[in-house]
Amino acid sequence: MELADKLKATDPEADVSGEVGRYGSFEVKLNGEILFSALELKGFPVTAKLVEYIKKFDGNSKVERISETQSS
């Protein structure tokens, strides 16, 4: 399952979209704030960490970036 599909499954109301960019560069944003940046961290996110964070997010807190990658 693709990352976008897993995130969408976490919250069917979520706005999950993608754009073609440079290879390996993408961001996951939550409430308009960057949650994870593949370009910045030079790696792919641990999907379970993203899903867990999004499930627990109350919508009012400041988004805290996830820095764990699959290679770290």
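Located above this text is the structure these notes cover.
Below, the structure is looked at part by part. (Residues numbered from 1 in each chain as written. Predicted model: local features only at pLDDT ≥ 70, side-chain atom pairs only at ≥ 80, totals over all residues. Heavy atoms only, no water.)

### Considering the overall build of the chain
Condition: Secondary structure counts use DSSP, requiring at least four H or I residues in a row for a helix and at least two E residues in a row for a strand, with both numbered from the N terminus. In this description the radius of gyration comes from C-alpha coordinates, and the expected globular size is given by 2.2 Å times residues to the power 0.38. The buried label applies to any residue whose accessible area, calculated with a 1.4 Å probe on protein chains only, is under 20% of its type's maximum; exposed applies above 50%, and partly exposed to all values in between. Pairs of residues are marked as contacts when any of their non-hydrogen atoms sit within 4.5 Å. Only the protein chains shown count as cover for residues, with accessible areas throughout obtained via the Shrake-Rupley method and a probe of 1.4 Å. Note on charges: Lys and Arg go in the positive column, Asp and Glu in the negative column, and His and the chain ends are not counted at all. Here the site of a charge means atom NZ of a Lys, CZ of an Arg, CG of an Asp or CD of a Glu.
Helix and strand counts for the chain come out as three helices and two strands. Against the globule reference of 11 Å for 72 residues, the chain gives a C-alpha radius of gyration of 12 Å, in line with a compact fold. Expressed as lengths along the three principal axes of its C-alpha atoms, the size of the chain is roughly 30 × 20 × 20 Å. Put simply, the chain has 72 residues, and 26% of those count as buried. Relative to all contacts within the chain whose residues are 6 or more apart in sequence, the contacts with residues 24 or more apart total 46%. When the accessible surface of the chain is totalled, it reaches about 5400 Å², and 48% of it is carbon and sulfur. Within the chain, the 13 negative side-chain charges are centred at a point lying 5 Å from the centre of the 10 positive side-chain charges.

### Looking at the nonpolar core
Rules: The definition of a nonpolar core used throughout is a set of buried Ala, Val, Leu, Ile, Met, Phe, Trp, Tyr and Cys residues joined through side-chain atoms within 4.5 Å.
Formed by 13 residues in total, the largest nonpolar core has its most connected members in Leu7, Val28, Leu30, Leu35, Phe36 and Leu50. Ranked by the residues each element gives to this core, the list is headed by helix H3 (residues 47-56), at three residues. Not counting residues up to four positions away in its chain, the partners in contact with Phe36 are Phe26, Glu27, Val28, Leu41, Gly43, Phe44, Pro45, Leu50, Ile66, Glu68 and Thr69.

### Section: the pairing of strand S1 (residues 27-30)
Counted only if it meets this: DSSP-based pairing: two strands are paired if at least 2 bridges between them are found.
Residues of S1 alternate between two faces, with Val28 and Leu30 buried on one and Glu27 and Lys29 left unburied on the opposite face. Note that S1 and strand S2 (residues 33-37) share four bridges and pair antiparallel. Paired with Lys29 across the two strands is Ile34, which belongs to S2. Counting the residues that bridge the hairpin from S1 to S2 gives two residues, and of these Asn31 lies at a positive phi of roughly 55°.

### Describing the packing of aromatic side chains
Note the threshold: Aromatic rings from Phe, Tyr and Trp, taking only the six-membered ring of Trp, are treated as a pair when their centres fall within 6.5 Å; an angle between ring planes under 30 degrees marks them as stacked, one over 60 as edge-to-face, and anything in between as tilted.
Evaluated as defined, the whole model comprises three aromatic pairs. Where Phe26 meets Phe36, the ring centres are 6.4 Å apart and the plane angle is 35°; that geometry is what we call tilted. Here Phe26, found in the loop between helix H1 (3-10) and S1, pairs with Phe36, found in strand S2; they are 10 residues apart in sequence, far enough to count as distant. We classify Phe36 as buried; its relative accessible area is 0%.

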